[in-house]
Amino acid sequence: MSAVLNEAFHFFKNHLRQLAMLTMPLIIGVVAIQSWLGIELGKMNPEAPQIDGIHLGVMFLGILLFSWLISTLTLFLQVVSDGHNPTVRQVLFTSLNFVPPMLLTMVFTGMAIFGPIFVLIAALKELGALIGIVVSVFIAVRLSYVNFMVVVEHITPLQAIKDSFNFTKPIFFPTLAILLMSLPISLVFTVIATSVSSLGEGAIFVVNIFGFFFSLFVTVALYRLYMLNRENVHD
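What you see as residue numbers is a count from 1 along each chain, following the sequence as written. Given that the model is predicted, a residue must reach a pLDDT of at least 70 before its local features are reported, and side-chain atom pairs must reach 80 or more before they are shown or counted; all residues, however, enter totals for whole chains, interfaces and linings. In computing side-chain values, all of the structure's heavy atoms are included and hydrogens and water are not.

> How do you make sense of the pattern of salt bridges when you look at a structure like this?
If charged atoms from side chains of opposite charge come close, those side chains can pair. Within this document, salt bridges are pairs made up of a side-chain nitrogen of Lys or Arg and a carboxyl oxygen of Asp or Glu, the two lying within 4 Å of each other. For the structure on display, the rule yields two salt bridges. Of the charged contacts, one joins Glu-7 and Arg-224 as a salt bridge, the two residues approaching to 2.3 Å between their closest N and O atoms. With Glu-7 in helix α1 (residues 2-14) and Arg-224 in helix α10 (residues 201-234), the pair connects residues that are 217 residues apart, well separated along the chain. Throughout, exposure labels follow a simple rule: accessible area from a 1.4 Å probe, protein chains only, divided by the maximum for the residue type, with under 20% read as buried, over 50% as exposed, and the rest as partly exposed. When its relative accessible area of 36% is taken as the criterion, Glu-7 is described as partly exposed. Put simply, DSSP H or I for four residues or longer makes a helix, DSSP E for two residues or longer makes a strand, and each gets a number counted from the N terminus.

And the structure:
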């Protein structure tokens, strides 16, 4: 774990400028959509929210941008790890090819992760919610490498789900440990956002953008763990 995190840290630091140029435009779009939807939902009656076609269209655009973001980041990690030095333009346009399968991947993994919560709540009420959260976290960890496999292995979303579930079995706890790193990062930027809230929505928006960007370190660390164990499997 220490070697994985050390390598991820140096990769993130050494390619900070390229990572920012690649991801910041997409991150700004995603955060802007999240902020707008949050404001819109805040205006609605929580007991009977009125969601129309505009809201659904903006939600889909956000999912589309997020899929492009993950595809772009994964492709960049792959080509740089292979010793290449691509331009920002090359990575952004090439990663568009992975957006359709990435969208399907998000749908399938979302159903697999959140499905148990709804089923168990319907069956067992409060106890079902607790069990469902545990089951969903377990499934989420086992499917952590699906996005990487779609881009790196060029396989279908369903095959990636199957392969990721098997691939993660011997590295479940290291994967969980890396994913949990997102919690302190999120907490730090939440505290910062709260402290600058008096400056207005613009300040919070900027903090959320940087919080999103630095949370990408978790993806970089997860990718390094993936490649290390992928090499071991092939060996």
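> Explanation requested: the side chain of His-55 in the structure shown.
Here His-55 is to be found in helix α3 (residues 53-81). Polar contacts, as used here, are pairs of N or O atoms within 3.5 Å; protein pairs need one atom able to donate a hydrogen and one able to accept it. Residues neighboring in sequence count only if both atoms are side-chain atoms. Only 3.0 Å separates the side chain of His-55 from the side chain of Glu-40, close enough to count as a polar contact. With residues up to four places along the chain from it excluded, the contact list for His-55 reads Trp-36, Leu-37, Glu-40, Met-44 and Gln-50. By the convention used here, residues are in contact when the closest approach between their heavy atoms is within 4.5 Å.

> I'm lost on the packing of aromatic side chains in this one. Help?
Within a pair of aromatic rings, the relevant descriptors are the distance that separates the centres and the angle that separates the planes. Only Phe, Tyr and Trp rings take part, Trp by its six-membered ring, and two of them pair if their centres are within 6.5 Å. Stacked means planes under 30 degrees apart, edge-to-face means over 60, and tilted covers everything else. Overall, the coordinates contain 17 aromatic pairs when judged by the stated rule. Judged by centre distance (6.2 Å) and plane angle (40°), the ring pair of Phe-12 and Phe-214 falls under tilted. Residue Phe-12 is located in helix α1, and its partner Phe-214 is located in helix α10; the two are separated by 202 residues in the primary sequence. Overall, Phe-12 belongs to the buried group, its relative accessible area being 8%. Plain terms: the ring middles of Phe-148 and Tyr-226 are 5.5 Å apart, the flat faces sit at 35° to each other, and that makes the pair tilted. One end of the pair, Phe-148, is in helix α6 (residues 146-152); the other, Tyr-226, is in helix α10, with 78 residues separating them in the sequence. One exposure class covers both Phe-148 and Tyr-226, and it is buried.

> What am I meant to see in α1 here?
Here the expected span of a helix is defined as 1.5 Å times the quantity of residues minus one. Helix length check: α1 (13 residues) gives 18 Å between terminal C-alpha atoms against 18 Å at 1.5 Å per residue, within 8%. All of the buried residues in α1 are Val-4, Ala-8, Phe-11 and Phe-12. For α1, the angular spread of the buried residues around the axis is 95°, confining them to a single face. Opposite the buried face of α1, by more than 90 degrees, sit the exposed residues Ser-2 and Asn-14. Directions pointing from the helix axis toward each C-beta atom define the arc.

> Could you clarify how one ought to interpret the packing of α3 against helix α4 (residues 88-95) in this entry?
When two helices pack together, you describe them by how their axes are tilted relative to each other and by the distance separating the axes. Here an axis means a line fitted to C-alpha atoms, over the contact stretch when the element is a helix, while the angle between two N-to-C directions is reported on a 0 to 180 degree scale. Two elements in contact, α3 and α4, have axes separated by 9 Å at closest approach and are oriented at 125°. Taken as axis vectors, α3 and α4 run oblique relative to one another. α4 is crossed by α3, and the crossing has right-handed handedness. Contacts between α3 and α4 pair Trp-68, Ser-71, Thr-72, Leu-75 and Phe-76 from the former with Val-91, Leu-92, Thr-94 and Ser-95 from the latter. In the scheme used here, Gly and all other residues not listed as nonpolar or charged are polar, with Ala, Val, Leu, Ile, Met, Phe, Trp, Tyr, Cys and Pro taken as nonpolar and Asp, Glu, Lys and Arg as charged. Residues of the contact of α3 with α4, tallied by class, amount to five nonpolar, four polar and no charged. With respect to orientation, any angle under 35 degrees is reported as roughly parallel, any angle over 145 as roughly antiparallel, any angle of 65 to 115 as roughly perpendicular, and every other angle as oblique. Crossing handedness is read from the near helix: turned anticlockwise from the far helix by less than a right angle, it gives a left-handed crossing, and turned clockwise, a right-handed one.

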